[in-house]
Amino acid sequence: MYYPGSVHRIDWIFDSPRFTVGGYSSSDIKQGGNGDCWWLAAVATIAHRKDLMDRVCVARDEECGVYGFVFQRDGEWISVVVDDNLYLNEEDFDYYGDVYDSTGKRARRHRKEKQTGSEALYFARCEDQNETWLPLLEKAYAKVHGDYEAISGGWSGEAVEDMTGGVTTTVASNRVLRKDALWKELQSSGDGDFVFAVSAMGTGWDRQKSGLALGHAYSVLQAREEVDEDGNKVRLVQIRNPWGQRSYSGLGEWNGPWADGSSEWTPYWLKKMDHKFGDDGVFWMSYKDMLETFMFLHRTRLFDDRWTIVQQWTSANVSWITGYLQSKFEIVVKKSGLVVIVLTQLDERYFTGLEGEYRYELHFILRAAAEDGSDAASQEHICRVRPIHTWENRSVSCEVELDAGKYFVLPKVTASRRDGSKPVEQVVKEYADQNPQKLRQIGMQYDLAHARGGVPDEDELLISKKEAAKRKKDAMKKKRKEKNRKVLRQAAKAIEKVAVAIQEVTKEEEGAGAKKAEEKKVEGSKSDEAAAKPTAPASTAAAVPASAPAAAPSAPESAKPEPPATASAPPKDAPPPAEKEAEEEKKAEEAVSSSSEGTANVTPTSDDEVRSDAAVDGDTAAETVEEPTVDKEVVEEEEEDESDSDSSDDGVVDDEDTPAAPWNAVVVMGLRVYARDAEVCVKLVETGPPAESNALTVQGQPAGATM
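Quick caveat, the model's predicted, so the values are computed rather than measured. (Residues numbered from 1 in each chain as written. Predicted model: local features only at pLDDT ≥ 70, side-chain atom pairs only at ≥ 80, totals over all residues. Heavy atoms only, no water.)

Student: Quick question: what am I supposed to make of the overall build of the chain here?
Tutor: Looking only at helices and strands, the chain features 17 helices and 26 strands. Within the span of the chain, comprising 707 residues, buried residues form 42% of the whole. By sequence separation, contacts in the chain at least 24 residues apart represent 79% of the contacts at least 6 residues apart. By element, 50% of the accessible surface of the chain is carried by carbon and sulfur atoms, the whole surface being about 39300 Å². (Helix = DSSP H or I, 4+ residues; strand = E, 2+ residues; numbered from the N terminus. Buried < 20%, exposed > 50% of the residue type's maximum accessible area, 1.4 Å probe, protein only. Contact = heavy atoms within 4.5 Å. Areas by Shrake-Rupley, 256 points an atom, 1.4 Å probe, with all protein chains shown as cover.)

Given below as structure tokens:
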């Protein structure tokens, strides 16, 4: 948090304000109350280059108090305009209440002593008391990223990239193999193709080393190779602390060999190097001590109009364990020469808070195309690039001499969870309550940035998801309705079969009753004839066959069985199933509702008659009538469809606050290619075969997620 005392315009703060006094200079820079030493160190590396500073400070109207600056963001130049209001350390004279000051003398003295000149500024300031370029440049850099807090903490190489459009390579100083080649590049940092910055890092709780503050950025101003009194070559590097002076405890400058006041500074060397001792943050040290003292060296290559720059952006879903992506970049080089390849992700500093809960690391390999122009896994890798450490992860790059031809860049992205990061929902809620204007600003920056990789808008995703769910629901309803119609048709057919079976049973029972009556009539006539004859002797009576049925008493006419009721059977003029569907469904529903009643109306006469019927015709009694049945599979499918439909209905997102699928696990990355070839081009090659990510080999061994 920052607590400036007041804010005023430049003409109120400075007696004779001037944008520059004697031009831009690294000696002008002094750090203020913000933790942007990394950015100030970067400014100091280019401040002596008027050509570079003029690219950044492009326009101004000091009379109106309007200043225009240009910075590079994600490979493109963007402009920003600021006014001349600056924050001061001290509050106004009457800030805490009305103070009696009839002549205004006390107010003027308060302003003169505490609110006038560069020393009164709260943030960065120039050494000269009337120079204004640095605080205005810092304000513009803070504005384009959101606020001053957004530029607190970072790496000098990234800041140099933002102001020059160059490409930074971070080198671990204890892993430099070609020290002579690096020294030559350091010597050209004055007006050549490179600028350098260094970072002093601790290994634990230590905060200082040999007079230097650790966890701090420093600028490399120049490198010189001179000959001492004995003819020996000495390599010296001039470095500057953006504080511009030592701290109250004397911390901030190197106190080893070649430090101010050290024994190495003989009159010979003071004259030769034109060096003066002073508390200005500038010090010399040997090349060897620089590599041993500073952990990282940030080397930025600069580009002029002779270079052609092309880029291509895309997005990729990142899983927890991943190999090289199947999507890759194709580079076509028409002219042989040096090519600089940069794989980068979005600058999250522009939408601080909405970067998500994941940190991404970029890797890539470069290999030439096969003879047929395709990407073959058997091709030898030209280079394999990965970050030097996990803290600086915006981009990775390589510089390589390439012949004319086609090349492929295969990227790999690894993800890890950020410690202590807030969910996006919480950040949005906090900003919405505390600072809705800031939320709109960073939200717009987020949308603009992610549009590069084709990441769709979250609101559009939510709307499309609702529409898809509604279409699915309508389709399920239609399908369920069709299956209900099928069930009703099957029920109608089953009821028709039942009705036909009942009619057949009735006819058979009527035929059996007529047959019985005929037999009884015949038996009755025989009995009458026997009664009319004289009584036969016992022997004759004994000759009657034992199997002859005994005479049964004739049943009264009223006791004859009546045909069963057939109320459930449809009328003979009922419409066939081939008629209109609506009428068929209606009839089927009526038949289903009346089937149970129709079955109940079929009443047998008596148990004796039923048993008698069974004794006469066992086949008829054994015959059964099938109940109306419905296809079990259809019913089960219908139940499953209903359950699916219910779950689908529950899944429809009606609440606008319900988050969509996690979007912060998507990385937007781009490939930039720099070459002195006007026809160089790059394009994205979409997903290849699934086995591609496993086909990589390094030194003959499979290269997976651990490579």
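Student: Mind showing me how you'd approach the side chain of Asn34 here?
Tutor: Its place among the elements puts Asn34 in the loop between strand E2 (29–30) and helix H2 (37–46). Within the local environment of Asn34, its side chain forms a polar contact with the backbone oxygen of Tyr148, the two atoms lying 3.1 Å apart. (Polar contact = N/O pair within 3.5 Å; in protein donor to acceptor, adjacent residues only side chain to side chain.)

Student: Explanation requested: the pairing of strand E22 (residues 405–417) in the structure shown.
Tutor: Side-chain direction in a regular strand flips from residue to residue, so the side chains alternate between the two faces of the sheet. As judged from the five bridges shared by strand E17 (residues 328–333) and E22, these two strands associate in the antiparallel manner. Looking at the pairing, Glu330 lines up with Phe408 of E22. The sheet contact formed by strand E19 (residues 358–368) and E22 spans eleven bridges and is antiparallel. Note that in E22 the partner of Arg367 across the bridge is Phe408. (Pairing = 2+ DSSP bridges.)

Student: What am I meant to see in the packing of H2 against helix H5 (residues 133–145) here?
Tutor: The relative placement of two packed helices is expressed as an angle between their axes plus a distance between the axes. At their nearest, the axes of H2 and H5 sit 12 Å apart, and the two run at 125 degrees to each other. Classified by the angle between their axes, H2 and H5 sit oblique to one another. The handedness of the crossing between H2 and H5 is right-handed. Only Trp133, Leu134, Leu137, Glu138 and Tyr141 of H5 make contact with H2, whose side of the interface consists of Trp38, Trp39, Leu40 and Val43. (Axes fitted to C-alpha atoms, helices over the stretch in contact; angles between N-to-C directions. Parallel < 35°, antiparallel > 145°, perpendicular 65-115°, else oblique. Left-handed = near helix turned anticlockwise from the far one by under 90°.)

Student: Please explain empty space enclosed by the protein as it appears in this structure.
Tutor: In this approach the atoms are scanned with a rolling probe the size of a water molecule, which exposes any empty space left behind. Here the structure, examined in full by the defined rule, presents four cavities of 30 Å³ or more. Taken as a whole, the second largest cavity encloses approximately 100 Å³ of empty space. Lining the second largest cavity are Gln72, Arg73, Asp74, Gly75, Glu161, Asp162, Thr344, Gln345, Asp347, Arg394, Ser395 and Arg672. For the lining of the second largest cavity, the elements supplying multiple residues, two or more each, are strand E4 (66–73), helix H6 (156–164) and strand E18 (337–345). Each of domain 1 (6–155) and domain 3 (308–458 + 665–686) gives at least three residues to the lining of the second largest cavity. (1 Å grid on protein atoms, 1.4 Å probe; cavity = no way out; pocket = protein on both sides within 12 Å on 5 of 7 lines; lining within 4 Å. Points joined across faces, edges and corners; volume = space filled by probe spheres on them. Domains from an automatic or database assignment.)

Student: Just to check I follow, could you spell out a negative patch on the surface for this structure?
Tutor: A surface patch of like charges, here negative, comprises Glu504, Glu508, Glu509 and Glu510. Among the secondary structure elements, Glu504 is positioned in helix H12 (residues 458–532). (Patch = residues over 30% accessible without salt bridge, like charges linked within 9 Å, V, L, I, M, F, W, Y side chains within 5 Å. Salt bridge = Lys/Arg side-chain N within 4 Å of Asp/Glu carboxyl O. Lys, Arg positive; Asp, Glu negative; His and termini not counted. Charge placed at Lys NZ, Arg CZ, Asp CG, Glu CD.)

Student: Please explain the sheet that holds strand E9 (residues 194–200) as it appears in this structure.
Tutor: Here we have six strands laid out as an open sheet, ordered E8-E15-E9-E12-E13-E14, and antiparallel in their pairing. In the strand order of this sheet, the two ends are held by strand E8 (167–172) and strand E14 (282–286), each with one partner. Strand after strand, the sheet turns through a mean of 30 degrees between neighbouring axes, direction not considered. Bridging between E9 and strand E12 (residues 216–227) involves four bridges; their strand directions are antiparallel. Across the sheet, Ser199 pairs through a bridge with Ala217, a residue of E12. Where H2 meets the sheet, it contacts E9 and E12, and its direction lies at approximately 30 degrees from that of E12.

Student: Would you mind going over the pattern of salt bridges with me for this structure?
Tutor: Oppositely charged side chains can form a pair if their charged atoms are brought close together. Under the definition given, this model contains 29 salt bridges. Put simply, Asp51 and Arg49 hold a salt bridge, and the shortest N to O gap is 3.3 Å. Residue Asp51 is classed as partly exposed on the basis of its relative accessible area, which comes to 40%. Residue classification places Arg49 among the buried residues on the basis of a relative accessible area of 10%. Linked by salt bridges that have partners in common, Lys30, Glu119, Arg125 and Glu127 make up one network.

Student: How should the UniProt feature "active site" (unreviewed entry) in the chain be read in this particular structure?
Tutor: The feature "active site" (unreviewed entry), as annotated in UniProt, sits at Cys37, His216 and Asn241 in this numbering. For the residues just named, distributed over 205 residues, the greatest C-alpha separation is only 8.7 Å, placing them together at one site. Leave out the neighbours within four places in its chain, and His216 touches Gln31, Cys37, Val198, Ser199, Ala200, Asn241, Pro242 and Trp243. Among the structural elements, Asn241 can be located in the loop between strand E13 (233–240) and helix H8 (267–273). (UniProt positions renumbered as here; feature names shortened; annotations may be inferred.)

Student: Where do I start with a positive patch on the surface in this structure?
Tutor: A surface patch of like charges, here positive, comprises Lys105, Arg106, Arg108 and Arg109. Inspection of the secondary structure puts Lys105 in helix H4 (residues 105–114).

Student: I keep staring at unusual backbone geometry and nothing clicks. Help me out?
Tutor: Peptide bonds are mostly trans, and most non-glycine residues show a negative phi. In this structure, Ser210 is a non-glycine residue whose phi angle is positive, near 55 degrees. Here Ser210 is to be found in the loop between strand E10 (208–209) and strand E11 (212–213). Given the relative accessible area of 32%, Ser210 is considered partly exposed. Here the phi dihedral of Asp274 falls at roughly 50 degrees; this positive angle occurs in a residue that is not glycine. In this structure Asp274 comes out as exposed when scored by relative accessible area, which is 63%.

Student: Is there a simple way to explain the nonpolar core in this structure?
Tutor: Grouped burial of nonpolar side chains is what soluble globular proteins tend to show. Of all hydrophobic cores here, the largest spans 59 residues; its most connected members are Trp39, Phe69, Phe71, Trp133, Leu134 and Leu137. Counting residues per element, this core draws most heavily on H2, which supplies nine residues. Both domains that meet at this core, namely domain 1 (6–155) and domain 3 (308–458 + 665–686), each give it at least three residues. Setting aside anything within four residues of it in sequence, one finds Trp133 in contact with Phe19, Thr20, Tyr24, Ser25, Asp28, Ile29, Val43, Met53 and Cys126. (Core = buried A, V, L, I, M, F, W, Y, C linked by side-chain atoms within 4.5 Å.)

Student: What is the right way to read the packing of aromatic side chains from this model?
Tutor: Aromatic ring pairs: the centre-centre distance and the angle between the two ring planes describe each pair. Applying the stated criterion across every chain, the model contains 25 aromatic pairs. Here the aromatic rings of Phe123 and Tyr148 are separated by 3.8 Å at their centres, their planes lie at 5 degrees, and the arrangement is stacked. Note that Phe123 is positioned in the loop between H4 and strand E7 (125–126) and Tyr148 in the loop between H5 and H6, a separation of 25 residues in sequence. Since its relative accessible area comes to 7%, Phe123 is described here as buried. Using a relative accessible area of 13% as the deciding quantity, one classes Tyr148 as buried. Aromatic side chains Phe303 and Trp307 sit 5.0 Å apart centroid to centroid with 75 degrees between the ring planes, which places their arrangement in the edge-to-face category. Take Phe303 and Trp307: they sit in the same class, and that class is buried. Every member of this aromatic cluster is reached through a ring pair, and the members are Tyr2, Tyr87, Tyr122, Phe123 and Tyr148. Over the ring of Tyr324 we find Lys412; its NZ or CZ atom is 5.3 Å from the centre of that ring. (Phe/Tyr/Trp six-rings, centres within 6.5 Å; stacked < 30°, edge-to-face > 60°. Lys NZ or Arg CZ within 6 Å of the ring centre and 35° of its normal.)

Student: Where do I start with the pairing of strand E24 (residues 681–685) in this structure?
Tutor: Judged by which residues are buried, E24 turns out to be one-sided: Val682 and Leu684 face inward and are buried, whereas Cys681, Lys683 and Val685, on the alternate face, are not. Pairing geometry for E17 and E24, over five bridges, is antiparallel. Among the inter-strand pairings, Phe329 is bridged to a residue of E24, identified as Leu684.

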